[in-house]
Structures are given as structure tokens and as C-alpha cells.
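# Secondary and tertiary structure notes
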Amino acid sequence: MLKAYKYRLHPNNEQKIYFAKSFGSVRFIYNQMLANRIELYTKYKDDKELLKVNKPRTYTSFKYEYEFLKEIDNLALANAQLDLNNAYKKFFKEGAGFPKFKSKSRSKKSYKTNNQGGNIRIEENKIKLPKVGFVKIKYHQQFDGLIKSCTVSQSPTGKFYVSILVDEEDYEWIPAKNKIGIDLGITHFAITSNDDGISEKYNNPKFLRKAEKKLIKAQKALSRKKKGSKNRNKARLILAKKHEKVANQRRDFLHKLSYKITSENQVIVIETLRSSNMLKNHKLAKSISDVSWYEFTRQLEYKSAWLGRTLIKADRWFASSQICSNCGVNGGKKTLDIREWTCVKCDSVHDRDINASINLLNLAN
Ligand SMILES: [Zn+2]
């Protein structure tokens, strides 16, 4: 799977000059080749044989004529030719407009080069580009894969960027081999059931629960402090720091769990969280679990999209905790303290959360 990553570049002055030359040369060679094609066409349009024999000039032929092109990354020029070929294809096959000349003021300042035998690589906070050498890069997001190509560009405000096309590991798409239903709970963070009949309960890690308890304490401490007092400000700072730490720990836990679920299953069924309920809730303990559920759902969504998984969200009103997963009869509302119940119709004894996750799993079938 190819994926593009974009980063800010911080070139030195010499590199800035080189980039400017490259943008100009790529535009120049494109326009030269286009002019040549138009010239050939007007000359020979009435004789198809002659038109066939008189091939348009390639970018290499221009290099002998214009010395300055020799300074430029050869692959950048080759890509300009590819660009023109594509513009022609679009014109003939897809009925797009005839290729236009690139104007200095209106066309995008960019050039594209390819990775050949490791001539592009990233080392810590630098990227090595052909003919340029090492350029400072703000490598804020790591990737894991083979670099295919890079496009260097400059924004209208003068900032430099590089967009890197990476070939990441291909995940084989297996149609619905493993399915899983996930119920989100309070006593346990998540309860899952898969189509092999295995149910699992995932608790929030102990350290996280501890940290969250401390958070609740700090929140209470803050509310006891006098408004506008020094102590209140101090307490607020302590609370903010705790919030940040807990948020990071929680995210880490959720990443591991969402990774495990999306890598092991092809179809994933979850509840739809009701945001209206969330807004009404002022209790901190409950709001913490709400935040986790939302973050977890968000991670499942984008990881599923990334790995080609099917994510099914149950209908907002789907009564996952009321329906008997064995016979399908609706046993009615159950208060949160009821952890186990027996179906009035088929006598099945249900663990409340496992039953809910099986009901969700059944939506995948
Ligand atoms: Zn039943």
C-alpha cells in the first residue's frame, strides 16, 4: 500500500537556491517539450505517416542545448516528461483539456524525484535528496516502509515541504475470516466475543485506574480552593499536568488494544456511542470512560480503514444488553447492577456484557 507523508523542510540558503533552480528547470523542460509537440503536430497533422516518424524530443535532448539543465536532478526532468505524457493521455482518453504551458506565476513550485538504490533516505532530522545532500526536515511522524518518490514543493508563503511516497507493508485482505463484537463497559473497559466462541474481558490497566483516581482527587482538591486564590491556581496546574499524563497513558493502552483487534479481525462490530448522553453527564468518573470510548472508537475507525477491515456500527438504539443472544427474545431493560440474567424464554444464563458483545457480533452475520 502506498502512503504519502508530508513534512516541512528547512533548507539552508544554498539549498533554497537549488530548489528554486529545480522548480524553474522542471517548468522550463515541460514547456519546451510541449512547444515541440505542438510544432510537430502543426507541421505534420495532414500526414499521419510523417507525424509517426517524427517523434517528439525527449528531455535528454534538451540537456545538450541548455547547460543549466545538467545541474538538475535527472529524475526530476524525467518526471516532468512523465507529467506531460500523462497530461496528453488525459486529453486523448479522458477528454480533459489540452495540456497548457506552465506559467511562472501561476504554476505550482515543485519537482518530483525517485528513490533509486537508496539515494533518498532519512537520518534523524535530515533527509538526503539527490544533488542536494542532507536537508533539515521536521520528521514529526515516523513511517515504516520503502521510499518510492519525493516531491519537494514551496508554498505561496515561501515555506518548503517534502511529500514522501512510501510503500508500506501490504496487509493481505482476507474476506471476513475473523469477526468480533465489542461491548464497551464500565467495570471492564471492553468485552469482546469472536466467532470462534471466545469471549474476553479487557480491564483498564491498574496504573491507569490509579492515575484516574488521583485525577478525581485532584479535581476535588481544586473545587475546595477559594476562587481567585494562589492555591487554586496551583491546584489547577497540578490537575492539568495529571490530566495530560493520564491522557497519554490512556492513549497508549487504547492503541495497543485497537491494534490487536484490527490486526486479528476482518469484521469488527461496535456500539454507536450517544453523544447526547455524554453531554448530560457531569460525573468525572463517567466522563473519563466516555473519553476512552470515543478515543477507542476513533482509533478502531481509522485503523480499520487503513487495514481494509469492515467496521460495523450498531444502530444507536440497538438493545445489545436486553436481547438474549441465544433465542433473540428481548428481556427488557436491566439496571447497571444486574450483571447476570436468565432468559425468560430459553432459560439461558447470561453474563450481561458477554451477551451484549455476542449480540453485536451477530450483527456481522
Ligand atoms: Zn433466550
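Thresholds, definitions, all that
Numbers given to residues run from 1 along each chain, matching the order in which its sequence is written. Since the coordinates come from a predicted model, pLDDT governs what is reported: local features require at least 70, and pairs of side-chain atoms require 80 or more to be given and counted, while whole-chain, interface and lining totals use all residues. Working from all heavy atoms in the structure, the side-chain values ignore hydrogens and water. Here, a strand pair is defined by DSSP locating no fewer than two bridges between the strands. Helix and strand assignments follow DSSP, with helices taken as H or I runs no shorter than four residues and strands as E runs no shorter than two, numbered in order from the N terminus. Angles here are taken between N-to-C directions and fall from 0 to 180 degrees, while the axes themselves are lines fitted to C-alpha atoms, restricted in helices to the stretch in contact. Note on contacts: a residue pair is in contact if any heavy atoms of the two residues lie within 4.5 Å. Burial status follows relative accessibility: with a 1.4 Å probe on protein chains alone, a residue under 20% of its type maximum counts as buried, one over 50% as exposed, and anything between as partly exposed. Nitrogen and oxygen atoms within 3.5 Å of one another constitute a polar contact, given that in protein one can donate a hydrogen and the other can accept it, and given that sequence-neighbouring residues count only through two side-chain atoms. A residue's pLDDT is the confidence the predictor assigns to it, expressed on a 0 to 100 scale. We count a salt bridge whenever a side-chain nitrogen from Lys or Arg sits within 4 Å of a carboxyl oxygen from Asp or Glu.

As a further point, take the sheet that holds strand 10 (residues 199-202). What the five strands build is an open sheet, ordered 10-9-8-11-12; its pairing is mixed. Strand pairing shows two members of the sheet lacking a second neighbour, strand 10 and strand 12 (310-313), which therefore form its edges. Sheet twist, expressed as the average angle between the axes of neighbouring strands with direction ignored, equals 20 degrees. Summarising the sheet, strand 11 (residues 267-270) and strand 12 pair through four bridges and their orientation is parallel. When the bridges of strand 12 are listed, valine 269 appears paired with isoleucine 312. Contacting strand 8 (179-184), strand 9 (190-194), strand 10 and strand 11, helix 9 (residues 352-362) runs over the sheet at an angle of about 135 degrees to strand 8.

Owing to its 3.6 residues per turn, the α-helix brings residues three or four apart onto one side. Counted residue by residue, helix 9 has eight buried out of eleven residues, so it is predominantly covered. Those residues of helix 9 not exposed but buried are Arg352, Asp353, Asn355, Ala356, Ser357, Asn359, Leu360 and Leu361. Along its buried surface, helix 9 packs onto strand 8, strand 9, strand 11, strand 13 (340-342) and strand 14 (349-351). At the N-terminal boundary of helix 9, the capping side chain belongs to aspartate 351, with an oxygen 3.0 Å from the backbone nitrogen of aspartate 353.

With that settled, the discussion passes to the pairing of strand 6 (residues 145-154). Looking along a regular strand, one sees side chains alternate from face to face of the sheet. In this structure, strand 2 (residues 109-114) lies alongside strand 6, joined through six bridges in antiparallel fashion. For threonine 113, the partnering residue across the bridge sits in strand 6 and is cysteine 150. Across nine bridges, strand 6 lies against strand 7 (residues 160-168) in antiparallel orientation. In the sheet register, leucine 146 faces strand 7, and the bridge partner there is aspartate 167.

Our next topic: the confidence of the model for the protein. On average, residues of the protein carry a pLDDT of 87, and 94% of them reach 70 or more. Considering each helix and strand of the protein separately, the mean pLDDT is smallest for helix 7 (residues 275-280), with a value of 50, and largest for strand 2, with 96.

Let us now look at the pattern of salt bridges. Counted under the stated rule, the structure contains ten salt bridges. The salt bridge involving arginine 121 is made with glutamate 123; its shortest N-O contact spans 2.7 Å. What makes glutamate 123 partly exposed here is its relative accessible area of 39%. With a closest N to O distance of 3.3 Å, lysine 260 and glutamate 264 form a salt bridge. Here lysine 260 pairs with glutamate 264, and both are found in helix 6 (residues 230-264), just four residues apart, close to one helical turn.

Our next topic: the side chain of threonine 113. Looking at the element boundaries, threonine 113 is found in strand 2. Residue threonine 113 is classed as buried on the basis of its relative accessible area of 0%. Within the local environment of threonine 113, its side chain forms a polar contact with the side chain of aspartate 73, the two groups lying 2.6 Å apart. Setting aside its immediate chain neighbours within four residues, threonine 113 contacts Asp73, Leu75, Asn79, Ile120, Pro130, Ser149 and Cys150.

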